[in-house]
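Chain and residue survey
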Amino acid sequence: MTTEAADPHPLLHWWRNHVITSVDHRSVVEKVEDEEAFDGRYAFMILMSAGIAVLGLLLSSPAVIIGAMLISPLMGPIIGLGFGVALFDAVEIRRALVAMVLGTIMAILFCAAIVSMSPLQTVTSELAARTRPNLFDLLVALFSGLAGAYAMIRGREGAIVGVAIATALMPPLATVGFGLATANWTVFFGALLLFFTNFMVIALSAAIMARLYGFGPRLSPRQTLFQTAAMLAVFAALAVPLGLTLRQIAWETNASRQARDIVSQQFGDNARVSQLEIDYTAEPVRVDATVLTPSFVAQAERSVKAKLEAALGRPVGLTIEQFRVGVGDAEATQLARAQASERATREARAVTQIGEQLSLVAGVPTDRVLVDRDHRRAVVTATPLPGAGLEVYRALEARVAGAAEGWTVELVPPPAVPGGVSFGEDAPDAEGSRAIATAIWAARRLQLPIGVSGAQADVVVAALTEAGVAAEQVGSGNGAVEMRWLAPRVEPAG
């Protein structure tokens, strides 16, 4: 009887004596260390890959995005981290983490700088696709990490190219940079979660593959048990929320199909559902449908609403617009409705962006921003910023208003003291004129009168009054000119 046949675990015996022994462990470790090093080549390729990725996302061009994936060097440090974990090598773990963290920060900041200078700052379909990771993304990262580590161990580096495309490490980082530049925190944190998922799962799957191929043979059973427990904990911590997201996406997809079917059935075969939009974040769920129909259907909303609530198991807010058209006119009317829908979508994105920007500069939640779509007006009251004067709030308002074409933007500042007005010979100098202009702006926002004291207070009072601001001379007529807020005037009753 042969030794292999006598072995109680012949498959394990074959793996150890025929597969593991065929690997040049020292050569693989040297190759991994070379790939994870942070040097000039690595930094340059990070920046070039990030630049290509963010431009591809802004242009919504898959071909350009794939180009960024091909040259991205991020797989090296991630696989190096996995081997460091497998070997319990603190030096290698630290070296891989330093390269990974520095490369990540460089990529995010470089992408944010490009987006800040770009006239294109709308959330494209390619950007949106990287803001909602789910369990399938975790599985892609898992299989990619196993494939990447196998290619590194077995000397098949050409396969790394396919792995890089599959995991798409750089596009999520570019999306994070976009979210940072535009202060869109939904995009920022969604893309960051996707990158973190890819990063952690690839590193852990690389560690698993390294252990299978005999790396770290001197580890004690206790160290191996710790490795296994830590890996399972990380996978579980990522899988649970991503699984819930996948479940929600599946529910939304099924709900959209059911909603379209129910609306179509209500109007019959000769009608056509031109547009169907569902807002799952609203409470209740908001459904807006546009139907092209040869004849109006009375009580359609009531009937469809009842069927939708029964099918979805949730309260539904429903609006159905019926457009009566002949059978031959349906296509033309549908095109017109599609164009109107596109305009409405752009308007909704503009409203969201204005609200987020005002929320950011004012230091308040987005629900504190008052947006009047009908009159294209947005108003928010700012919280006090340490050391900020009225001119800071005025500049912040101007910045948001400059990006919100066609909108009236008002940032109501805290009632900071307007301050002094410097003079030349007989009139305010350039700095004094700016102080008066800022006081006029603040008085209009706060609806407060201004009191002016000092030797040339009458000049300032005249300038304020001419601008429509209630002002009066107070205090002595000597010394430097100072402005301060007065109590609101109360008109006598009757």
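Before any of the text, the structure's been laid out above.
Keep in mind it's a predicted model, so treat the numbers as computed, not measured. (Residues numbered from 1 in each chain as written. Predicted model: local features only at pLDDT ≥ 70, side-chain atom pairs only at ≥ 80, totals over all residues. Heavy atoms only, no water.)

**Some details on the nonpolar core**
With 63 residues, the main nonpolar core has Leu 74, Phe 83, Ile 153, Met 170 and Phe 215 as its most contacted residues. Broken down by element, the residue count for this core peaks at 14 residues, all from helix 12 (residues 185-212). The residues touching Ile 153, leaving out its near neighbours within four places in the chain, are Val 23, Val 28, Phe 83, Met 209, Ala 210, Tyr 213 and Phe 215. Core analysis: the second largest hydrophobic core is formed by 42 residues, Ala 362, Trp 407, Phe 423 and Val 481 among them. (Core = buried A, V, L, I, M, F, W, Y, C linked by side-chain atoms within 4.5 Å. Buried < 20%, exposed > 50% of the residue type's maximum accessible area, 1.4 Å probe, protein only. Helix = DSSP H or I, 4+ residues; strand = E, 2+ residues; numbered from the N terminus. Contact = heavy atoms within 4.5 Å.)

**As for the packing of helix 16 (residues 390-403) against helix 17 (residues 430-446)**
The description of two helices packed together rests on the angle between their axes and the distance between the axes. Taken N-terminus to C-terminus, the directions of helix 16 and helix 17 make an angle of 70 degrees; their axes are 10 Å apart at the nearest point. Put simply, helix 16 runs roughly perpendicular to helix 17. Along its contact with helix 16, which presents Leu 390, Glu 391, Tyr 393, Arg 394 and Glu 397, the element helix 17 presents Arg 434, Ala 437, Thr 438, Trp 441, Ala 442 and Arg 445. Split into classes, the residues belonging to the contact of helix 16 with helix 17 amount to 5 nonpolar, 1 polar and 5 charged. (Axes fitted to C-alpha atoms, helices over the stretch in contact; angles between N-to-C directions. Parallel < 35°, antiparallel > 145°, perpendicular 65-115°, else oblique. Nonpolar A, V, L, I, M, F, W, Y, C, P; charged D, E, K, R; others polar.)

**A word on the sheet that holds strand 5 (residues 377-381)**
The strand order across the open sheet formed by 3 strands is 4-5-6, and the pairing between neighbours is mixed. For this open sheet the edge positions go to strand 4 (370-372) and strand 6 (408-412), each flanked by a neighbour on one side alone. Within the sheet, the average angular offset between the axes of one strand and its neighbour, ignoring direction, is 10 degrees. Bridging between strand 4 and strand 5 involves 3 bridges; their strand directions are antiparallel. Residue pairing for strand 5: Leu 370 is matched across the bridge by Val 379. (Pairing = 2+ DSSP bridges.)

**Re the layout of surface pockets**
Space inside the largest pocket adds up to approximately 1300 Å³. As for the largest pocket, its lining consists of 29 residues, of which Val 123, Asp 279, Ala 348, Arg 349 and Thr 352 are closest to the centre. Elements with a minimum of two residues in the lining of the largest pocket: helix 11 (170-182), helix 12, strand 1 (272-279), strand 2 (285-293) and helix 15 (330-362). It is helix 15 that provides the largest number of residues to the lining of the largest pocket, a total of 8 residues. Grouping the constituent residues of the lining of the largest pocket by class yields 8 nonpolar, 11 polar and 10 charged. (1 Å grid on protein atoms, 1.4 Å probe; cavity = no way out; pocket = protein on both sides within 12 Å on 5 of 7 lines; lining within 4 Å. Points joined across faces, edges and corners; volume = space filled by probe spheres on them.)

**Notes on the packing of aromatic side chains**
All chains considered together, the criterion is met by 7 aromatic pairs. Aromatic side chains Phe 38 and Tyr 42 sit 5.4 Å apart centroid to centroid with 65 degrees between the ring planes, which places their arrangement in the edge-to-face category. Centroid distance Phe 188 to Phe 189: 5.0 Å. Interplanar angle 85 degrees. Geometry classified as edge-to-face. Given a relative accessible area of 15%, Phe 188 falls into the buried group. Residue Phe 189 is classed as exposed on the basis of its relative accessible area of 51%. (Phe/Tyr/Trp six-rings, centres within 6.5 Å; stacked < 30°, edge-to-face > 60°.)

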